[in-house]
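# Structure assessment
What follows is the residue order along each chain.
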Amino acid sequence: MTSNDIRKATIAVMVDNEPGVLARVVGLFSGRGYNIDSLTVSEVDEAAHLSRITIVTRGTEMIIEQIKAQLRRLVPVHRVSDLTVEGAHVERELALVKVASSGDKRVEALRIADIFRARAVDSTIGSFVFEITGSVEKLSAFVDLMRPLGLVDVSRTGVVAISRGPDAL
Amino acid sequence: MAQDRMTGSEILIKALSDQGVDVVFGYPGGAVLPIYDALFQQNHLRHILVRQEGGAVHAAEGYARSTGKVGVVLVTSGPGATNCVTGLTDALMDSVPVVCLTGQVPTHLIGNDAFQEADTLGITRPCTKHNYLVRHVDDLAHVVHEAFHVAKSGRPGPVVVDLPKDVVTAPGSYTPPARARHRSYNPRVKGDLSRIEEAVDLLAAAKRPLIYAGGGVINAGPAASQLLTNLVDTTGFPTTLTLMGLGALRGSHKNFIGMVGMHGSLEANMCMHDCDVMLCVGARFDDRVTGRVDAFSPDSTKIHIDIDASSINKNIPIHVPIVGDCAYVLEDLTKVWKSRQARPDGKALAEWWDRIERWRARKSFGYKPSADVIKPQHALDLLNARLRERDDVYITTEVGQHQMWAAQFIGFEKPNRWMTSGGLGTMGYGLPAAMGVQVAHPDALVIDVAGEASVLMNIQEMSTIAQYRLPVKVFILNNRWMGMVRQWQEFFFGGRYAESYMDSLPDFVKLAESFGAVGLRANGPDELDSVIDDMIAAPKAVIADIRIDPDENVYPMIPAGAAHNQITMSPDDEVKLDAAHKDEGMVLV
Ligand SMILES: Cc1cc2nc3c(=O)[nH]c(=O)nc-3n(C[C@H](O)[C@H](O)[C@H](O)COP(=O)(O)OP(=O)(O)OC[C@H]3O[C@@H](n4cnc5c(N)ncnc54)[C@H](O)[C@@H]3O)c2cc1C
Ligand SMILES: Cc1ncc(C[n+]2csc(CCOP(=O)(O)OP(=O)(O)O)c2C)c(N)n1
């Protein structure tokens, strides 16, 4: 419990889909000075009014335990799971990346997109919008490569994650 | 069906009655007029009209903490709600169950900057355990029942229910309280048995054990205090209490070694520092208790019983965490102790007590008596002597030196008899809290031990006290200073007393009289006995202005940022802080 090493944690939180629940979670992080690397939220069970929040955070083991305990304390929170330590899991992020260029740069952008399995979802004479999914690192690498090739805009979803194997959260 | 014809306001009142509410502290305004109209037409619920909404929340806190029930507040939208923020934060910090009903503008105007609109939900989100906006009249009863459940179960706390005006006027149907399990909120009360067994093994093997208990024992109800007392009796272990825990073990118990922390006893703090096994029961390792965290109880194995997992391992690493209600856990722990026929290490314990007795013999709460000027400790000693004769005493305090002296010099033989603002340290808490206690216990002796600066923060409540003929006693230890601030300026800011002198104070005797109360004054030690007697004997409210030594400081003191064994015992003691920790301590509060 006393380690001062900082680790990353991907935390999945099932909450009631009700007004204010996101403010509660975000307020908890800002009010207590915890880090948010990314946060995603969407309803996942319409009938049961449940939303799933995925938060990527970092801190010492003691802080991450605190974060989980603080989340569990919120009344509309059903389950909190630290995917990073609770067995194998898959993490994915999606990005839309706009590149405006012509000539060699345009060709090079397409070539790299192909290597990264990014799809062009919009194209004009002077631009592409690529859709790419994968790990945070893969997306960042792609964006970095696009920078000299005319990168003008990026929109990223933040991480969504799920455990491997048959069990639900 | 007749019930279908109820208005939102009637539903609200029925829900409150079904929750066993008998009194509401409140203040009317536009958005809650329909509720007040419904209150007017019934006679189950008593309404106490405060003079400022902040007073209502503290009154509800006093009511709650002295009864174990939920305190209820009713205020209007906008300024009515924002005036409650301090009280709600106070209740959150000290785990006090309060339900605060706030009026709101009609739903179709929310977000339009309507007259007396405030984002009550947004403003109170960080200072409540939970809050609700009721959007449909048919949800109203259910939400109110849930609010009470959340306020009083698990770790208690304040809950706000925001009530738009159209919702409380709309017709709707009532739903009675249900026993159904909550969808997501189900605090755990039973502790993990294997952890409890581990705790018993550690305690039985301890050579220098310490029980450190806090407000959680009070929260868990009188049965928990009894179980704690039994455990102390069975083991013979020394036991300290936090400011919030006073009364959880009776003050006169031979194993009680005094309050711990910044202004706690030498023996309690030395035990904290030197113990080898610490059993923390419903306390939260607050920085007023731990002092310097990296020097906190360096050699002990720590067991922590708490209903809130987030209290465990927050400030101090814990070896044996036990999540559960301390009444349930203490019961199981005692059972395991007995079934294993565990025995404390008698020889080691005797040696430990020898050391404790030597610390005790230094009488860390001692003071130099004076024949000319009233020493606050002496005034409280005399008061305490009179209080020991009776069993119906409730003490509240404001915040400052007087609060610490009250904690040190008044003995609490039972839980729920001591109401103080610990976590937030809210000046102005004591008078309205005393009012709430007196409403709950009309025949009891309720005393607010006050400082002259703090008491002015909610002095308007003297008017409420007059209206309801509440015989609250205000015992002001009047040093003409914001004493606690003055003490820090003396110790840490070179005696530069910036803005801490209380100029232009009212004549408290005349002030009392203007509110129809009795005003008394003691200028010197020879007047103390009669003033205390007259105060206790008076059948109505009293303000007793006790003119104390303006220069007296609270001892012992562990300066912020210091370790327990760097305790300062008296004015003759240097503040023991090396330069590095002094700088560190300076930024602490
Ligand atoms: C001027 C000033 C000076 C102060 N000096 C001191 C001092 O010298 N010493 C001191 O002790 N304090 C002092 N305080 C008070 C201090 O700030 C804290 O409020 C106090 O120490 C906290 O007490 P506690 O640990 O008992 O926790 P509380 O705030 O009472 O919290 C209770 C704990 O018990 C848990 N709990 C609640 N219900 C249950 C249950 N049913 N079962 C199990 N657990 C439960 C909660 O989750 C929480 O962790 C001072 C305050 C002021 C204003
Ligand atoms: C609302 C609020 N404002 C400021 C403070 C900071 N503060 C703590 S103690 C204190 C002085 C209290 O003076 P008094 O009530 O006279 O009590 P004394 O310390 O003299 O006994 C102050 C200003 C506080 N605790 N609460």
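Here the residue numbers are simple positions, counted from 1 along each chain's written sequence. Labels are handed out in written order, letters beginning with A for the chains and numbers beginning with 1 for the ligands. A pLDDT threshold of at least 70 governs which residues receive local features in this predicted model, and a stricter bar of 80 or more applies before side-chain atom pairs are shown or counted, although totals over entire chains, interfaces and linings include all residues. Heavy atoms throughout the structure, all of them, feed into the side-chain values; hydrogens and water do not.

## Let's talk about the pattern of salt bridges
For side chains of opposite charge, pairing can occur when their charged atoms come near one another. Any carboxyl oxygen of Asp or Glu within 4 Å of a side-chain nitrogen of Lys or Arg constitutes a salt bridge here. Following the criterion strictly, the structure yields 36 salt bridges over all chains and no others. A salt bridge links Arg73 of chain A to Asp308 of chain B; the nearest nitrogen and oxygen atoms lie 2.5 Å apart. In this pair, Arg73 of chain A sits in helix 2 (residues 61-73) while Asp308 of chain B sits in the loop between strand 13 (301-306) and strand 14 (320-323), so the two residues belong to two different chains. In this scheme, a residue with accessible area under 20% of its type's maximum is buried, one over 50% is exposed, and one in between is partly exposed, where area comes from a 1.4 Å probe on protein chains only. By relative accessible area, which is 31% here, Arg73 of chain A ends up partly exposed. Using a relative accessible area of 5% as the deciding quantity, one classes Asp308 of chain B as buried. For Arg284 of chain B, the salt bridge goes to Asp286 of chain B, with nearest N and O atoms at 3.1 Å. You can call Arg284 of chain B partly exposed: its relative accessible area is 24%. Counted as one network, the salt bridges with shared partners bring together Arg7, Glu61, Glu65, Lys68 and Asp82 of chain A. Secondary structure elements follow DSSP: runs of H or I of four or more residues count as helices, runs of E of two or more count as strands, with numbering from the N terminus.

## Thoughts on the domain arrangement of chain A
You'll often see interface size given as the accessible area lost when the parts meet. Residue and element names in this part refer to chain A. Here chain A is described as being made up of domain 1 (7-82) and domain 2 (90-161). Between domain 1 and domain 2, the residue contacts involve 8 residues of the former and 6 residues of the latter. Accessible area that two parts lose when put together, evaluated with a 1.4 Å probe and summed over both, is termed the buried area. Taken over both partners, the interface formed by domain 1 and domain 2 buries close to 490 Å², and the fraction arising from carbon and sulfur atoms is 46%. On the domain 1 side of the interface with domain 2, the three residues burying the most area are Thr10, Thr40 and Thr54, jointly 57% of the side's total. Across the domain 1-domain 2 interface, the total number found is 1 salt bridge. Among the salt bridges present, the one from Lys8 reaches Glu91, with a minimum N-O distance of 3.4 Å. An automatic or database domain assignment supplies the start and end points of every domain. Any two residues whose heavy atoms approach within 4.5 Å are treated as being in contact.

## Focus on the site of ligand 2
Residues and elements named next belong to chain B. Neighbouring residues are identified by heavy atoms, a residue being near a molecule or strand if any of them is within 4 Å of it. Within the structure, ligand 2 sits among 17 residues, and Gln401, His402, Gly425, Ser454 and Gly483 are positioned closest to it. In protein, a polar contact means a hydrogen-donor-capable atom and an acceptor-capable atom, both N or O and within 3.5 Å, with residues adjacent in sequence counting only if both atoms are side-chain atoms; elsewhere, any N or O pair within 3.5 Å suffices. One nitrogen or oxygen atom from the side chain of Glu452 is found 3.3 Å from an oxygen atom belonging to ligand 2. Here Ala453 contributes a backbone N or O atom positioned 3.1 Å from an oxygen atom of ligand 2. Burial of ligand 2 by the surrounding chains reaches 77%, relative to a free accessible area of 590 Å². Elements supplying a minimum of two residues to the shell around ligand 2: helix 17 (401-409), helix 19 (452-455) and helix 21 (483-492). Its residues placed into classes, the shell around ligand 2 shows 8 nonpolar, 8 polar and 1 charged. Note on areas: Shrake-Rupley with a 1.4 Å probe; residue coverage comes only from the protein chains shown. Side-chain classes follow a simple rule in which Ala, Val, Leu, Ile, Met, Phe, Trp, Tyr, Cys and Pro form the nonpolar group, Asp, Glu, Lys and Arg form the charged group, and the remainder, Gly included, forms the polar group.

## Re the site of ligand 1
All names here are of chain B. Residues in close proximity to ligand 1 total 37 residues, the closest being Thr242, Val260, Arg284, Asp306 and Ser311. A distance of 3.1 Å separates an oxygen atom of ligand 1 from a polar atom in the backbone of Met262. The contact in question runs from an oxygen atom of ligand 1 to an N or O atom on the backbone of Gly282, over 3.2 Å. Out of a free accessible area of 990 Å², ligand 1 has 96% covered by protein chains. Elements that contribute at least two residues to the shell around ligand 1 include exactly helix 10 (215-219), helix 13 (287-290) and helix 17.

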